[in-house]
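Each chain, written out:
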Amino acid sequence: MDDFDEEGDDLLSSLVMDNTLTGNQGLKVSTEYSSRPVNLPEAFPFPFKPYDIQEGFMRELYTCLEQGRVGIFESPTGTGKSLSLICGALRWLKDFQERQKLELEEMISAENKENCDSNVSKDTGELDWISDFKAKQETEEKTKKVKEEIEQRMKREAKLSEIKKTRKVSKRKRVQLEDDFDDLLKTASSDIKDAYKQEIEKLVQESGDIHDDDDDNLVLDEYHSDDAGDDKDSDDEDDDETDVHCTKIYFCSRTHSQLSQFVKEVIKSPYGDDTRVISLGSRQNLCVNEAVKRLKSLSLINDTCRDLQKKKSEKKEKAGMKRKKTGSSQGCPFYKQDPIHDFKDSALVDVRDIEQLVLLGKQMKACPYYGTRLAVPDSEIVALPYNTLLHKSTREATGIQLKDNIVIIDEAHNLLETINNVYSMEITGAQLVRAHSQLSQYEGKYRSRLKAQNLMYIKQILFILGNLTKCIGGKTDQHPDKQSVPFAETRLWTINDFLFHSQLDNVNMFKVLRYCQRSQISRKLHGFVEKYRPEIVVASEKEKKHETSTSSLSSFLKSLSGKGDNAEKETVEKVEEKSDFVMSSPLMHIESFLLSLTNADKDGRIVITKKKLFSQCSIKFLLLNPAVHFTSIVQEARAVIVAGGTMQPITEFKDQLFHAAGVQPERILEYSCGHVIPGDQLLPISVSTGPTGLQLDFTYTNRNKPSLLDELGRLLCNVCNIVPGGLICFFPSYDYEKLVYSHWENSGVLSKLQTRKKVFREPKRAGQADKVLQDYTACIQNCSGSVTGSILFCVVGGKMSEGINFSDDLGRCVVMVGMPYPNSNSPELKEKMEYLNANFPKDKEGRQPGQVHYENLCMKAVNQSIGRAIRHQGDYATILLLDRRYSRSGTISKLPGWISKHLQKMDKFGNVFSAVSKFFAGKKGS
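These figures come from a predicted structure and were not determined experimentally.

A.B. asks: Describe the overall build of the protein chain, and please don't skip the residues or the numbers.
C.D. replies: Secondary structure assignment for the protein chain yields 35 helices and 18 strands. Across the 926 residues that make up the protein chain, the buried fraction comes to 52%. Contacts in the protein chain between residues far apart in sequence, at least 24 positions, make up 82% of those at least 6 positions apart. Accessible surface computed for the protein chain: about 43,200 Å², of which carbon and sulfur atoms make up 49%.

A.B. asks: Explain unusual backbone geometry residue by residue, including any values.
C.D. replies: We note that Lys365 has phi near 55 degrees; this positive angle belongs to a residue other than glycine. Along the polypeptide, Lys365 turns up in the loop between helix H11 (354-364) and helix H12 (368-374). Phi angles above zero are rare outside glycine, and Asp404 is one such case at about 65 degrees. Within the element layout of this structure, Asp404 appears in the loop between helix H14 (392-397) and strand S5 (406-409). A relative accessible area of 47% places Asp404 in the partly exposed class.

A.B. asks: An account of the pairing of strand S13 (residues 725-731) is needed here, citing residue identities and associated values.
C.D. replies: For a regular strand, the rule is simple: side chains alternate between the two faces of the sheet. Burial within S13 is extensive, with seven of its seven residues counted as buried. As defined by bridge partners, S13 adjoins strand S15 (residues 789-795) across seven bridges and the pair is classed as parallel. Across the sheet, the residue bridging to Phe731 is Val795, located in S15. Inspection of the sheet shows S13 paired to strand S16 (residues 813-817) by four bridges, in the parallel sense.

A.B. asks: Give me the lowdown on the packing of aromatic side chains, citing residues and values where you can.
C.D. replies: On inspection of all chains with the given rule, the structure shows 25 aromatic pairs. With a centroid separation of 5.1 Å and an interplanar angle of 85 degrees, the aromatic rings of Phe46 and Phe48 are classed as edge-to-face. On the accessibility criterion, Phe48 (40% relative accessible area) is partly exposed. Aromatic side chains Phe630 and Phe658 sit 6.1 Å apart centroid to centroid with 45 degrees between the ring planes, which places their arrangement in the tilted category.

A.B. asks: Give a description of the side chain of Ser424 that names residues and reports values.
C.D. replies: In this fold, Ser424 is placed in the loop between helix H15 (415-423) and strand S6 (425-428). Judged by its relative accessible area of 14%, Ser424 is buried. Side-chain polar atoms of Ser424 contact the backbone oxygen of Asn420, separated by 2.6 Å. Among the polar contacts listed, one links the side chain of Ser424 to the backbone nitrogen of Leu623, at a separation of 3.2 Å. The residues touching Ser424, leaving out its near neighbours within four places in the chain, are Lys620, Phe621, Leu622 and Leu623.

A.B. asks: If you had to explain the pairing of S5 to someone new, which residues and values would you point to?
C.D. replies: Neither face of S5 is open: one carries Ile406 and Ile408, the other Val407 and Ile409, and all of them are buried. Where strand S2 (residues 249-253) lies against S5, four bridges are found, and the strand directions are parallel. Counted as the bridge partner of Tyr250 is Val407 from S5. Inspection of the sheet shows S5 paired to strand S10 (residues 639-644) by four bridges, in the parallel sense. Residue pairing across strands places Ile408 opposite Ile641, the latter belonging to S10.

A.B. asks: Any chance you could break down the sheet that holds strand S11 (residues 668-672) for me, citing the residues and the numbers?
C.D. replies: Spatially, the seven strands line up as an open sheet ordered S3-S4-S2-S5-S10-S1-S11, and their pairing is parallel. Edge positions in the sheet fall to strand S3 (277-279) and S11, since each of these pairs with one other strand and no more. Between one strand axis and the next, the sheet turns by 15 degrees as a mean value, whatever way the strands run. Of the strand pairs in this sheet, S2 and strand S4 (residues 381-385) are connected by five bridges, and their pairing is parallel. Within the sheet, the bridge partner assigned to Ser253 lies in S4 and is Pro385.

A.B. asks: Give a detailed account of the sheet that holds S16, specifying residues and quantitative values.
C.D. replies: Spatially, seven strands are ordered S14-S15-S13-S16-S17-S12-S18 in an open sheet, and the strand pairing comes out parallel. With partners counted over all chains shown, the strands left at the sheet margins are strand S14 (757-761) and strand S18 (904-906), one partner each. In this sheet, neighbouring strand axes are inclined to one another by 20 degrees on average, regardless of whether the strands run parallel or antiparallel. Looking at chain direction, S16 and strand S17 (residues 877-882) are connected through five bridges and run parallel. Its bridge partner being in S17, Val814 is matched across the sheet by Ile879. In this fold helix H27 (residues 706-722) packs onto strand S12 (682-687), S13, S14, S15, S16 and S17, with an angle of close to 160 degrees to the strand it touches most, S13.

A.B. asks: Just give me the short version of a negative patch on the surface, but keep the residues and values in it.
C.D. replies: Together, Glu98, Glu103, Glu105 and Glu106 make up a region of like negative charge exposed at the surface. Considering the arrangement of structural elements, one finds Glu106 in helix H3 (residues 81-124).

A.B. asks: Mind laying out the state of the cysteines, listing which residues take part and the relevant values?
C.D. replies: Per the counting criterion, the structure on display carries zero disulfides. The thiol of Cys305 is unpaired, and the distance to the nearest cysteine sulfur, on Cys367, comes to 6.0 Å. Judged by its relative accessible area of 16%, Cys305 falls in the buried class.

A.B. asks: Account for the packing of H27 against helix H28 (residues 734-747), with residues named and values stated.
C.D. replies: Running from amino to carboxyl end, H27 crosses H28 at an angle of 80 degrees, the nearest separation of the two axes being 10 Å. Looking at the two axes, H27 sits roughly perpendicular to H28. Across the interface between the two elements, Pro706, Leu709, Asp710, Leu712, Gly713 and Leu716 of H27 pack against Tyr736, Val740, His743, Trp744 and Ser747 of H28. Taken together, the residues of the contact of H27 with H28 sort by class into seven nonpolar, three polar and one charged.

A.B. asks: Outline helix H31 (residues 827-839), supporting the account with residue identities and numerical values.
C.D. replies: Between its terminal C-alpha atoms H31 stretches 18 Å, which fits the 18 Å expected from 13 residues at 1.5 Å a residue. Turning to H31, its buried residues number three or more, namely Leu829, Glu831, Lys832, Met833, Tyr835 and Leu836. On its buried face, H31 sits against H15, strand S7 (489-494), strand S8 (604-610), helix H26 (650-659) and helix H32 (849-866).

A.B. asks: Report on the environment of His479, specifying residues and quantitative values.
C.D. replies: Considering the arrangement of structural elements, one finds His479 in the loop between helix H17 (452-471) and S7. Spatially, the C-alpha atoms of His479 and Ser615 are 8.6 Å apart, while their sequence positions differ by 136 residues.

A.B. asks: Talk me through the confidence of the model for the protein chain; I want residue IDs and the actual numbers.
C.D. replies: On average, residues of the protein chain carry a pLDDT of 79, and 76% of them reach 70 or more. For the stretch residues 121-127, pLDDT sits under 50, and the model shows four contacts to residues farther than four places along the chain or on other chains. pLDDT under 50 marks residues 534-583. Its contacts with residues more than four places away, or in other chains, come to 71 contacts.

A.B. asks: I'd love a proper account of the pattern of salt bridges, names of residues and values included.
C.D. replies: Where charged atoms from two side chains of opposite charge come close, those side chains can pair. Scanning the entire structure with this criterion turns up 29 salt bridges. Ionic pairing is found between Arg761 and Glu737, a salt bridge with its closest N-O pair at 2.8 Å. Of this pair, Arg761 sits in strand S14 while Glu737 sits in helix H28; the two residues are 24 residues apart in sequence, bridging distant segments of the chain. For Arg761, a relative accessible area of 33% gives the class partly exposed. Among the residues examined, Glu737 registers a relative accessible area of 5% and is labelled buried. Taken together, the shared-partner salt bridges in this structure form one network comprising Asp843, Glu845, Arg847, Glu855 and Lys894.

A.B. asks: So, the packing of helix H16 (residues 429-446) against helix H20 (residues 521-532): which residues are in play, and what are the values?
C.D. replies: Across the interface, H16 lies against H20 with an axial gap of 10 Å and an inter-helix angle of 85 degrees. Taken as axis vectors, H16 and H20 run roughly perpendicular relative to one another. Residues Gln438, Leu439, Gln441, Tyr442, Lys445 and Tyr446 of H16 form the contact with H20, whose own contacting residues are Ile521, Lys524, Leu525, Phe528, Val529 and Tyr532.

A.B. asks: Please give an account of the nonpolar core that cites residues and values.
C.D. replies: In globular proteins that are soluble, nonpolar side chains generally tend to be buried together. The biggest cluster of nonpolar side chains holds 120 residues, and the ones touching the most others in it are Phe593, Ile619 and Phe630. Considering each element in turn, this core owes the most residues, nine residues, to H17. With residues near it in sequence (within four places) discarded, Phe593 still touches Met425, Ile427, Leu468, Phe498, Ile606, Ile619, Lys620 and Phe621. Membership of the second largest hydrophobic core comes to 76 residues, among which are Leu85, Ile86, Cys673 and Ile899.

Rules and cut-offs
- Along each chain, numbering runs from 1 in the same order as the chain's sequence is written.
- Given that this is a predicted model, residues contribute local features only at a pLDDT of at least 70 and side-chain atom pairs are listed and counted only at 80 or more, while totals for whole chains, interfaces and linings are drawn from all residues.
- Just so you know, side-chain values use all the structure's heavy atoms and leave hydrogens and water out.
- A helix here means a DSSP run of H or I that spans at least four residues, while a strand means a run of E at least two residues long, and both kinds are numbered starting from the N terminus.
- Under the scheme applied here, a residue whose accessible area is under 20% of the maximum for its type counts as buried, over 50% as exposed, and between as partly exposed, the area being computed with a 1.4 Å probe on protein chains only.
- Contact definition: two residues touch when any of their heavy atoms are within 4.5 Å.
- The protein chains shown are the only cover counted for residues, whose accessible areas, like all others here, come from Shrake-Rupley with a 1.4 Å probe.
- Pairing between strands is defined by DSSP: at least two bridges between them are needed.
- We call Phe, Tyr and Trp rings a pair once their centres come within 6.5 Å, taking the six-membered ring for Trp, and we label the pair stacked below 30 degrees between planes, edge-to-face above 60, and tilted otherwise.
- In protein, a polar contact means a hydrogen-donor-capable atom and an acceptor-capable atom, both N or O and within 3.5 Å, with residues adjacent in sequence counting only if both atoms are side-chain atoms; elsewhere, any N or O pair within 3.5 Å suffices.
- A fitted line through C-alpha atoms represents every axis, and for helices the fit uses only the stretch in contact; the resulting angles, taken between N-to-C directions, go from 0 to 180 degrees.
- What goes into a patch is any residue over 30% in relative accessible area without a salt bridge, connected to like charges within 9 Å or, for nonpolar side chains (Val, Leu, Ile, Met, Phe, Trp, Tyr), within 5 Å.
- When a carboxyl oxygen of Asp or Glu lies within 4 Å of a side-chain nitrogen of Lys or Arg, that pair is called a salt bridge.
- In this count, Lys and Arg are taken as positive residues and Asp and Glu as negative ones, while His and the chain termini are left out.
- Every charge is mapped to an atom, namely NZ of Lys, CZ of Arg, CG of Asp or CD of Glu.
- When two cysteine sulfur atoms lie within 2.5 Å, the pair is treated as a disulfide.
- Under this scheme an angle from 65 to 115 degrees is roughly perpendicular, one under 35 degrees roughly parallel, and one over 145 degrees roughly antiparallel; angles in between are oblique.
- Polar here means any residue other than Ala, Val, Leu, Ile, Met, Phe, Trp, Tyr, Cys and Pro, which are nonpolar, and Asp, Glu, Lys and Arg, which are charged; Gly is therefore polar.
- Take the number of residues in a helix, subtract one, and multiply by 1.5 Å to get its expected span.
- pLDDT expresses, on a scale from 0 to 100, how confident the predictor is about each individual residue.
- We call a set of buried Ala, Val, Leu, Ile, Met, Phe, Trp, Tyr and Cys residues a nonpolar core when their side-chain atoms join them within 4.5 Å.

Next up, the structure:
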């Protein structure tokens, strides 16, 4: 199959060049840093008098940025970490900008002086012009470049300053006009209101109709493998490559809500009025075209947006030519260059979060998605999600330039796992069969209209899909739900062995991926599926009749779940969340998997999982070395900061991420501060025995014993009698929480708990979490009689273990049941541990790095959960760690310092009960 020329193979090399680097080769990072002393500012502007630990945080942060180092910063939640990051980093940025201006003035002054001296020297003939010509030319070029950048920056700042002056007046006028229009519409007749509504719906329908009546837009254009211009995505057609990027800070966090909270902190800071901030997000979060937004799948939103742009471009190119009038020719009404540029300027004038940017886009009739991307060069702070920064191709497509800029990654406690998840990719049997069926039918319909080069590549993609299907025991000509696998198993392969096993070792994946990227075949195929809705396989007449009686979506959901009408609702909902992408464009998803096969052999593994139902069989690429994708970030950025409330164990970051990425030990700066609360406001206790003296041993082999479950119930009943307000109880998993709840329901423990605390349970579905939290809070605030509050059963790693503030009475006690070790029998975990053992040295105590990693996974989950309670300086709470293993020194050392230094080890529950009672008795009236 590999009979193509070698030209243009470098197109995708940038996507995979990091993958050829391995973590144990001691890579040398080219970024320079200095260990010279830093002249720290006398004070850091702050909205109020900062705590001592905040001042220390900002000083260390300033030093880290000035010296160009890699920093690991730990500051417990509730200590004002976000404000410390903002004020410390922006103070450095403003000082840096001021130094740049001074250096420019000195360069210009020196240049003028040199010109004067040279003129004098020329007259006297005392200077050797030939020997100094090169040095002078280099100096002039450097000065010219810096002058151009400064001049462009000054023009930009002057323009934004002028916009800021006039914006308030124009805003008042616009708001007044909108109010007047609303008033007129309210008093208008019903006929006028109906006509206005119909006109709006017509515009939305026109902008949302992306499918022509003919098939011209579905047929692949002639493909030229040596055409270097074909790979340019329509997303980048309006990028201004001449824009000079000012020095900036890229601030990353996990979710859009966390980024919005960060932006609000910037507004509250002393720098809120004179800092240019822009927030980046996905089309799903920033799109203002209602016809596109109503699409549920992110892939559908992306495809529709690009298609609307293409239609607008085609309309311009064919202006004046007679063509069939279709709704798609309208394009997106918000994708217009002048409004987008105006949006960019307005977005930079005032600090806005994602929601405010969307509102601004609606008001200005401009696309916030492209407007925010256009504003990146001029911004001083760019707030963006993890994935946008960590995924190299996404980062480059968004226009992010890391060179000499600052990267701050907040909530970085799971950074290693996040990188692994970003680059790990899984495809299912259902996706493979559907993609093969769609592409086969596409080829059959347009065979006569496709060029030979396109047909050749389509055949090669079909060959790949067929071989991948065979690897997991399936056939491409049968419905995936009609196929069964002889036996279930999980097997791991190296990338090279997998390619050989699947007979793909002679396929040039780089060429196939280049073709997919340039031809945009997955988008064409998606349009074909949307228009013709071909069946996944050719079924019998009886099967066709049966399938037409139900919607294609519900039928396919049942096929994926492997159950009929009696399928559990929960399973169907879970499948539904993932089905949109499978239904619309599985080939696009499979392309991402093929890209993962270009990784270096030693940096990843292929996991083949066979289940009884073929549609649920899967092939997964497992990334083992996250450092290979982090190397480019630490190489390019001036300084990189990873920060979080709990960064322990820090050694894992240093070994697996920074050292493996080539960062030298002396470049790493660590800073960890205590909590702002006094020691007497926190009572952490490791509890080894229950009320009857039974040892609390929640190991996997022991934790299901009825006697231990009864002892746990007695312990919680006693604790509920003395803890006011809310109590948060964390279990290792949903299954274990369900087991305990069921046991207590039958034994009567649950009814005893209900007499003191109303019991709530964390739901599995994210959409129900807010309702549970509201009810939990209302019960605490409105409790009466013998009920003193609420108890919430949560799961480690669940929705309540991160990002939720159980402050004050919402979390007076946090109970951790057992130690949430991951499943040691997981093939993926075993492979990860073996990889670490083979590539990293033992620790100081002689333990294998795989075992250390296994323990760290547990303790990171524990640390995140128990940090939910103390949220501000006046808060107080107790933390109960229920397991004899929490008394071990090795376990205690991996707890956050502000908890471990106050931890009390108690062997008898009577002492625990007494200490907790005394603790809350002392807080009454406070």
